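Spelled out, the chains give:
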Amino acid sequence: GQGYYRVGWTSYSDIKAQGPDGTTACTPCGAGILAALTDVDESMGGNDTTKLVAGSSYSCYIEGGWGMVPTGVILSDNTLQFSAVLCDKNTYGVANTTYGLQSTPCKPCQRNLITLQNGSRSYTDCVNPAGFGYSPSGATQCAPGSYAPVGSMQGCVQCPAGRTTASDPTKQIAITDCVVIKGYGIFVGSNPSPAGPWDPSTSGMNDTTKAMLPVLPCPVAYYGLGGALDSKCVKCAVGTSTAGEGSDSALACDKCAAGYGMQGGTCTLCPAGTYQPGYLGNDAAGGSGFGSGTTCIACSTTRSVYLSSNRNETEFVSDGTTYRKGALGREECVPKTAQLGIDIG
């Protein structure tokens, strides 16, 4: 729509005032600019305030959420022509009905702030978008591992320990976007399941509850793929282990578990008479030896001196052995044979 006004008054008999819509002698406010009855009708003597007319450019107005801009056209009275625009998203217009023909363009929101609809009326309608934290200078995308709901007007919120987010702001909206980091898994110390604290049941939990579950680095002999709200640490195959905590792939299960040794590319129980304490940081070339996590170590021999009753000393050597396969340490080694401490017979 468009409003009109006329400076001064005119008689209906004035040829310029005649026309099918009664606006021939009037000046248009401009496209989209409305008009209100704001001036005393001079034809009534200028004293009757009950009968008002649109008698000046001040009668032209825009409503809240709109802006007014010059069109570039100069009218016959050497004034600028204006038009009204509904302010787009991420901008805001005048707060209330504003009278008069003047440049009042829509104003942009601060850096990265948005509005939720067209026709916003104030800078207070500008809010942070989802995945962006608010600051006095505008909004900044949250770093991975943090999130911000749309319109929160607060800084980014850090995910709980052991959790992160994607770097896509559309996936940094709420705590339910905080997934488990690779190499980590949910841990419930009070879990009554026989599977233990590393394998709690999450059946029936909503996403918010899952996102609040404690998360810890996967222990030795486990690995964590992460990527879900309730990602768990996965135990390495039987007989295999990892070099340390926080492993993030099954490929990290490249060590033998304590009591196992590498035979033909497979970790098998160490035979009796040997032991393997697990990986202890030995990364020597060839990946073998004590603490390599791959080699079964033979129990050492036991050397002793036997003193007979006739005072003769005899050296006695015995190989070591263990009472079981899969021994874990040298403390399980014992002499295979032993000699009594006195002569018999």
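Note that the structure is predicted; figures quoted are calculated from it, not measured.

**Student:** An account of the sheet that holds strand β10 (residues 98-99) is needed here, citing residue identities and associated values.
**Tutor:** Read from one edge to the other, the open sheet built from three strands follows the order β3-β6-β10, with strand pairing classed as antiparallel. Pairing within the sheet leaves two strands with one partner each, and these edge strands are β3 (34-35) and β10.

**Student:** Residues and numbers for unusual backbone geometry, please.
**Tutor:** The phi dihedral of Met-153 falls on the positive side, at around 55°, and the residue is not glycine. In this structure, Met-153 sits in the loop between β14 (146-147) and β15 (157-158). One non-glycine residue, Ala-221, lies in the positive phi region at around 80°. Take Ala-221: its relative accessible area is 12%, and that puts it in the buried class.

**Student:** So, the environment of Cys-267: which residues are in play, and what are the values?
**Tutor:** Within the fold, Cys-267 resides in strand β25 (residues 266-269). Between the alpha carbons of Cys-267 and Thr-240 there is a distance of 6.4 Å; along the sequence they are 27 residues apart. Look past the residues within four positions of Cys-267 in its chain and what remains in contact with it is Gly-239, Thr-240, Lys-255, Cys-256, Tyr-260, Gly-261 and Met-262.

**Student:** Just give me the short version of the packing of aromatic side chains, but keep the residues and values in it.
**Tutor:** Here the structure, examined in full by the defined rule, presents four aromatic pairs. On the numbers, 5.4 Å between centres and 50° between planes, the contact of Tyr-61 with Tyr-99 is tilted. Taken as a pair, Tyr-61 in strand β6 (residues 60-62) and Tyr-99 in strand β10 lie far apart in primary sequence, 38 residues in all. The exposure class assigned to Tyr-61 is buried, which follows from its relative accessible area of 15%. Using a relative accessible area of 29% as the deciding quantity, one classes Tyr-99 as partly exposed. Between Trp-198 and Tyr-222, the ring centres sit 6.4 Å apart and the planes meet at 35°, which makes this aromatic pair tilted. With Trp-198 in the loop between β18 (184-186) and α1 (207-211) and Tyr-222 in strand β20 (residues 222-224), this pair connects stretches of sequence that are 24 residues apart. Side by side, Trp-198 and Tyr-222 carry an identical accessibility label, which is buried. An aromatic cluster is built from Tyr-58, Tyr-61 and Tyr-99, whose rings are joined through pairwise contacts. The ring centre of Phe-290 lies 5.4 Å from the NZ or CZ of Arg-330, which sits over that ring.

**Student:** Tell me about the pairing of strand β12 (residues 132-135), and name the residues and values.
**Tutor:** Direction of pairing for β12 relative to strand β13 (residues 138-141): antiparallel, over a ladder of four bridges. From the neighbouring strand, Tyr-134 faces β13, where its bridge partner is Ala-139. Connecting the antiparallel pair β12 and β13 is a turn made up of two residues.

**Student:** Can you tell me about the environment of Gly-3, naming the residues and giving the values?
**Tutor:** Counting through the fold element by element, Gly-3 comes out in the segment before β1 (4-5). Separated by 31 residues in sequence, Gly-3 and Leu-34 place their C-alpha atoms 4.3 Å apart.

**Student:** I'd like to hear about the nonpolar core, residue by residue, with values.
**Tutor:** Counting 10 residues, the largest nonpolar core consists of Tyr-5, Cys-29, Ile-33, Ala-54, Cys-60, Ile-62, Met-68, Phe-82, Ala-84 and Val-94. Of all elements in the fold, only β6 and β8 (80-86) reach the threshold of two or more residues within this core. Here Tyr-5 is in contact with Cys-26, Thr-27, Pro-28, Cys-29, Ala-54, Ser-56, Ser-57, Cys-60 and Leu-101, once residues within four sequence places are set aside.

**Student:** Which residues make up the state of the cysteines, and what values go with them?
**Tutor:** What the rule picks out here adds up to 10 disulfides. Here Cys-256 pairs with Cys-267 through a disulfide, and the sulfurs are 2.1 Å apart. Torsion about the S-S bond of the Cys-256 and Cys-267 cystine: about -85°, corresponding to left-handed handedness. Here the residue Cys-256 occupies a position in strand β23 (residues 255-256), and Cys-267 occupies one in strand β25, the gap between them amounting to 11 residues. Under the relative-accessibility criterion, Cys-267 is labelled buried at 11%. Disulfide partner of Cys-299: Cys-333, at an S-S distance of 1.9 Å. Every disulfide takes its handedness from the sign of the S-S torsion; for Cys-299 and Cys-333 that torsion is -70°, giving left-handed. On the criterion of sequence distance, the pair formed by Cys-299 in the loop between β27 (297-298) and β28 (302-307) and Cys-333 in the loop between β30 (320-321) and β31 (334-335) is long-range, its members being 34 residues apart. Cys-299 gets classed as buried once you look at its relative accessible area, which sits at 10%. Free cysteine: Cys-26, not disulfide-bonded; nearest cysteine sulfur from Cys-29 at 9.6 Å.

Cut-off values and rules
- Residues numbered from 1 in each chain as written.
- Predicted model: local features only at pLDDT ≥ 70, side-chain atom pairs only at ≥ 80, totals over all residues.
- Heavy atoms only, no water.
- Pairing = 2+ DSSP bridges.
- Helix = DSSP H or I, 4+ residues; strand = E, 2+ residues; numbered from the N terminus.
- Buried < 20%, exposed > 50% of the residue type's maximum accessible area, 1.4 Å probe, protein only.
- Contact = heavy atoms within 4.5 Å.
- Phe/Tyr/Trp six-rings, centres within 6.5 Å; stacked < 30°, edge-to-face > 60°.
- Lys NZ or Arg CZ within 6 Å of the ring centre and 35° of its normal.
- Core = buried A, V, L, I, M, F, W, Y, C linked by side-chain atoms within 4.5 Å.
- Disulfide = S-S within 2.5 Å.

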